[in-house]
Amino acid sequence: MKRVIHVGCYFFILLLLALASFTSTYCESSFFSPTGIWSVLPPLVAIVLAFLTRNVIVSLLTGVFCASYLLALDSHGPIDSIPHCFFTATEHMRAAAAKPWNSGVLLQCATIGGLVGLITRSGGVRAVAEYLAKFARGPVSSQIVSWFLGFLIFFDDYANVQIRGPIMRPLMDRSGTSREKFAFILDSTAAPIAGIALISTWIGTEISYIRTGLADAGIENISAYTLFVESIPYRFYNLLTLVFVLGTALTLREFGPMRRAEVLARKGFLREMDSRLIRREEAENAAVDGSDTAESVESTRPRSLMRESMFAIIPLLSLVVASFVCFYFSGRSAILSGEDTAKIATAREFNFDSFRACIGEADASIALFQAALFACVASFLMCVASGKLTASQASQAWLSGVKSLCFTFVILILAWSLSACISKSGLGTANFLVTSLSSNTPTFILPSFIFVLAAIVSFATGTSYGTMAIITPLAIPFAHELLPGNHAYLVAATSAVLTGAIFGDHCSPISDTTILSSTSARCGLLEHVSTQLGYALWVAGISIVFGFLPVGLGVSLKIALPVSLVACLALIFILGRKVPAKINDEQE
């Protein structure tokens, strides 16, 4: 039956492409051009196919080829576009890997993966997990510890996910928490925190988009940074997601697909990355570092647990400290090489404003790669100098950590390739969606509409940054034109873009943060998306009904935000059913 469904899916895709070829060639309407309605087809194919076939790589690759074929139709006939489709797809893959930001992310992921391999082989991760086990003895405490760690690594969502994953995963497995729930906690305390942090890799990007929108609206009496800060209390989805995660952790109440995953985990079954179920004992025996690693760790275990944990704590602390240093100097270099005299004057000083401005302008991908490389060197020297590992063993451990992320590299490159194909310079999928959906909008519904529009674009493209870049410069002038002089309305419209983009990014299986969250938790990507989607949609609905709609009608934030928080907690008690800390096989 599954084979029939798969064959039927691909046959249907071929029919759609044939229809696209016909309408693009013989229909004069721009609506049916490759940059019109058909531009939505590639991301739609990738997303739907991923859920039906449960094969992410094949689904993304199919989406890339669909987009490449539509791009080829612009300059070639339906038949000639077939060979050109192949060359266009491979060129986008090469360009995706070679793009400075993307290559920086790949290097950063590889280096952090190597660091994880080192600190795991040295026994540091196990020691930290054993120490945290004193505070996290069950599903409640382990989930709260993981949630709290998300606030400590607030400066970047990638680093947040990749650092917490290897440290907390053994602990979460042991406590009976499902990997789906752990991936949800990782994902929901990464971008939502980095997106509202006053010092993070996000702030410069968000402020630059806000500045463009203010300039287009002709607003000169409001600074972009001020508007960013004022938008934080209006980020209903970000704030409610953080509260929702904490609420489910404290009460152990779950619903939907997540509850089924939690029940299985309590019974001792965990979901692996390839979607198969394994016993908790198998996961503990396999360990993150491999069977030979566990043996080497036991044979060289120091007498002091605290001393052993230093092999993880010191490299991770060096990663955090080096990240701030690298962010600062990367941003400072970018500012000093620019032409903004005000920023240059600020960067030359050494105070909080200078530090914040420099971090906002930093190239996060290369800064994190530099910091991770520094931490790798520190970990390597610690292991070799202490006699914990030989130089050869440390090198093998580092390479093992890098190899463990090969699956992630492939998915990221394919996701980036698809995003490039449907970008503004390609099919222009986001532009088509914005143009098609933004006409005849009532005043009171604009913040909610912007939130939904940003979510749709982010879900379809798999990028929150790209969504912000497209919609923010449109939303701010639009809000200013509808209700000129209404500052709260302007702030709400701005926050709707920034938080809606994160919501759509959370739900998208082609989002890089979603991919990293699932791989860091060693959870299947589709299992992570399907379980998280059941929660994210409800939180987004509360954000609209109790947040953006009332604000659009003129209700004060002092009323809308508390009511939203209460509604979020009420949802947990109304729909959620408690999952006991321990469940017998006979229990549900």
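Above this text sits the structure in question.
Residues numbered from 1 in each chain as written. Predicted model: local features only at pLDDT ≥ 70, side-chain atom pairs only at ≥ 80, totals over all residues. Heavy atoms only, no water.

Draft legend 1. Spatial organisation of a nonpolar patch on the surface. A cluster of nonpolar side chains, Phe-444, Ile-445, Val-545, Phe-546, Leu-553, Val-555, Ile-559 and Val-563, forms an exposed patch at the surface whose accessible area comes to about 660 Å². Mapping Leu-553 onto the fold places it in the loop between helix H28 (525–552) and helix H29 (557–575). When its relative accessible area of 62% is taken as the criterion, Leu-553 is described as exposed. (Patch = residues over 30% accessible without salt bridge, like charges linked within 9 Å, V, L, I, M, F, W, Y side chains within 5 Å. Areas by Shrake-Rupley, 256 points an atom, 1.4 Å probe, with all protein chains shown as cover. Salt bridge = Lys/Arg side-chain N within 4 Å of Asp/Glu carboxyl O. Helix = DSSP H or I, 4+ residues; strand = E, 2+ residues; numbered from the N terminus. Buried < 20%, exposed > 50% of the residue type's maximum accessible area, 1.4 Å probe, protein only.)

Draft legend 2. Highlighting the environment of Thr-499. Looking at where Thr-499 falls in the secondary structure, it is placed in helix H26 (residues 487–507). Expressed as a C-alpha distance, the spacing of Thr-499 and Ala-540, which sit 41 residues apart in the sequence, is 9.7 Å. A polar side-chain atom of Thr-499 sits 2.5 Å from a polar atom in the side chain of Asn-238. (Polar contact = N/O pair within 3.5 Å; in protein donor to acceptor, adjacent residues only side chain to side chain.)

Draft legend 3. Just the pattern of salt bridges, in detail. Scanning the entire structure with this criterion turns up eight salt bridges. The partner of Arg-179 in a salt bridge is Glu-272, with the nearest N and O atoms 3.3 Å apart. Here Arg-179, found in helix H9 (residues 179–188), pairs with Glu-272, found in the loop between strand E2 (269–271) and strand E3 (277–279); they are 93 residues apart in sequence, far enough to count as distant. Here Arg-179 matches Glu-272 in class, with each residue buried. Note that Arg-235 and Glu-206 form a salt bridge whose closest N and O atoms lie 3.7 Å from each other. With Arg-235 in the loop between helix H12 (224–231) and helix H13 (236–251) and Glu-206 in helix H11 (residues 203–217), this pair connects stretches of sequence that are 29 residues apart. With relative accessibility at 0%, the residue Arg-235 sits in the buried group. Since its relative accessible area comes to 0%, Glu-206 is described here as buried. Connected via shared salt-bridge partners are Asp-173, Arg-179, Glu-272 and Arg-522.

Draft legend 4. Up close: the packing of aromatic side chains. According to the stated counting rule, one finds 16 aromatic pairs in the structure shown. On the numbers, 6.4 Å between centres and 15° between planes, the contact of Phe-65 with Phe-86 is stacked. Of this pair, Phe-65 sits in helix H3 (residues 56–73) while Phe-86 sits in helix H4 (residues 81–98); the two residues are 21 residues apart in sequence, bridging distant segments of the chain. For Phe-86, a relative accessible area of 45% puts it in the partly exposed group. Taking 6.3 Å as the distance between ring centres and 80° as the angle between the ring planes, the aromatic pair formed by Phe-244 and Phe-255 counts as edge-to-face. Of this pair, Phe-244 sits in helix H13 while Phe-255 sits in the loop between strand E1 (253–254) and helix H14 (257–266), and the two are 11 residues apart along the sequence. (Phe/Tyr/Trp six-rings, centres within 6.5 Å; stacked < 30°, edge-to-face > 60°.)

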